[in-house]
Amino acid sequence: MHIQAVDKLKIQVLVDNVTDSLSSVPENVTHEMAYLRKNGMTELSGECLCCGAHGLSLLITASQGKAEHHLLFDAGPEGEVFARNVNKLNAPIGSVEAVVLSHGHWDHAGGFLTAVDLIKSKNKGKELVFHLNPGMFYQRATTSHNGGICPFKKVPTVNELEQRGAVVVNSNEPRLLLDDMFYLSGEIPRVTEYEKGFPGHVRQVSGSEWEDDPWILDERFLVVHVRGKGLIVFSACSHAGIINVLKQAQKIFPGLALYAVMGGFHLSGRSVEKIIPQTVTDMKQFDLEMIIPAHCTGWRAVGALGALFGDKVVPSAVGRVYEF
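Residues numbered from 1 in each chain as written. Predicted model: local features only at pLDDT ≥ 70, side-chain atom pairs only at ≥ 80, totals over all residues. Heavy atoms only, no water.

Draft legend 1. Just the sheet that holds strand S7 (residues 129-132), in detail. An order of S3-S19-S2-S4-S5-S6-S7-S10 is seen for the eight strands of this open sheet, with the pairing classed as mixed. The open sheet has two edge strands, strand S3 (29-30) and strand S10 (167-170), and neither has a second partner. In this structure, strand S5 (residues 67-73) lies alongside strand S6 (residues 96-100), joined through four bridges in parallel fashion. What sits directly across from Phe-73, in S6, is Val-100. Together, strand S2 (8-15), strand S4 (57-64) and S5 form the strand contacts of helix H2 (residues 79-89), whose direction differs from that of S2 by roughly 130°. Sitting on the sheet, helix H4 (residues 112-122) touches S5, S6 and S7, and the angle it makes with S6 is about 170°. (Pairing = 2+ DSSP bridges. Helix = DSSP H or I, 4+ residues; strand = E, 2+ residues; numbered from the N terminus. Contact = heavy atoms within 4.5 Å. Axes fitted to C-alpha atoms, helices over the stretch in contact; angles between N-to-C directions.)

Draft legend 2. Broad picture of the pairing of strand S15 (residues 222-226). Counting buried residues in S15 gives five out of five residues, a clear majority hidden from the surface. In S15, alternate side chains face the same way, and those of Leu-222, Val-224 and Val-226 on one face and Val-223 and His-225 on the other are all buried. Looking at chain direction, strand S1 (residues 5-6) and S15 are connected through two bridges and run parallel. When the sheet's bridge partners are listed, Ala-5 is paired in S15 with His-225. Bridging between strand S12 (residues 182-184) and S15 involves two bridges; their strand directions are antiparallel. Residue pairing in the sheet places Leu-184 in a bridge with Leu-222 of S15. Connecting S15 to the next strand, strand S16 (residues 230-234), in antiparallel fashion are three residues, including Gly-228 with a positive phi near 80°. (Buried < 20%, exposed > 50% of the residue type's maximum accessible area, 1.4 Å probe, protein only.)

Draft legend 3. Examining the pattern of salt bridges more closely. Inspection of every chain in the model, using the stated rule, returns seven salt bridges. For Arg-227, the salt bridge goes to Asp-7, with nearest N and O atoms at 3.0 Å. Within this pair, whereas Arg-227 is found in the loop between S15 and S16, its partner Asp-7 is found in the loop between S1 and S2, the two being separated by 220 residues in sequence. Owing to a relative accessible area of 46%, Arg-227 belongs among the partly exposed residues under this scheme. Judged by its relative accessible area of 36%, Asp-7 is partly exposed. (Salt bridge = Lys/Arg side-chain N within 4 Å of Asp/Glu carboxyl O.)

Draft legend 4. Spotlight on the sheet that holds strand S8 (residues 139-143). In space, the four strands of this open sheet follow the order S9-S8-S13-S14, with antiparallel pairing throughout. At either end of the open sheet lies a strand with only one pairing partner, and these are strand S9 (149-151) and strand S14 (209-212). Averaged over all pairs of adjacent strands, the angle between strand axes in this sheet comes to 40°, irrespective of strand direction. Pairing geometry for S8 and strand S13 (residues 201-206), over four bridges, is antiparallel.

Draft legend 5. Inspection of the packing of aromatic side chains at higher detail. Tallied over the entire structure, the rule returns four aromatic pairs. Ring centres of Tyr-183 and Phe-221 lie 6.4 Å apart, and the angle between their planes is 55°; this geometry places the pair in the tilted category. With Tyr-183 in strand S12 and Phe-221 in the loop between S14 and S15, this pair connects stretches of sequence that are 38 residues apart. Considering the side-chain rings of Tyr-259 and Phe-324, the 6.1 Å spacing of their centres and the 90° angle between planes classify their relative orientation as edge-to-face. Pair noted here: Tyr-259 is in strand S17 (residues 258-264) and Phe-324 is in the segment after strand S19 (321-323), with a separation of 65 residues, a long-range link. Neither Tyr-259 nor Phe-324 differs from the other in exposure class; each is buried. (Phe/Tyr/Trp six-rings, centres within 6.5 Å; stacked < 30°, edge-to-face > 60°.)

These figures come from the coordinates and say nothing about function on their own.
Here's what the structure looks like:
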């Protein structure tokens, strides 16, 4: 599969768990307050700022010559925070041509009906293609230590998305998107010994029956190739394990270097924090120039990554812009 190299890549964080406009950032990163000042903010106030929320949403813009494509990767946990942040940032949401849901969890899909409505209200009738796979639609839940079930809100259905004007592609197959500038993965092979998914996660397959579902096999990652740098990998939650994700990206594009990885690395919570040391150590093999932990990575893992990789670690925060 041949991915086209892009000349420029811009990522705007629309939703993330964290807000941080004070930490220093490298030249290719603009934090929220600086971005707002550049775009017309005349008075700093709470009313100007974005809200952090448990989830992730990235607006990704790829440019190649005169061609430019906009893709929305996830939409955060609910519509109100998505709409607020898009409006505060004056993000070009009407330019979005394709939408990708990384996996079937509420904290990535809860804002999508609002997102589709916003996009369609501003895109002057252009086609909006929404990419999913059939494994995303199970009822999911977590189990407690005493056997109780906490169900997740289900993701929007194909019918709901189509009723709002989206063209839905519901397929398990990997594919290239938008003039072959974006690669959307298929199922991610689980090859490491220690990345064991999401313990305690279950799904409902028929009636009221629940079955263990630690692997969350519907999860997908996204890749963009930036000319002169290499591959930028986006992994929204990394239930598959971020090392498994990076190994698969490397396998699919063996002649291209991995340059950066961005997303939730699924290293917060008692069941997975124990694998932080091995994950951080194994990340050295990819020789990444930038590591951008977000969402479910957790402060312990961010600290461990920073201790080993130093300034190559630039954590995500809501409203922040990354340019490559």
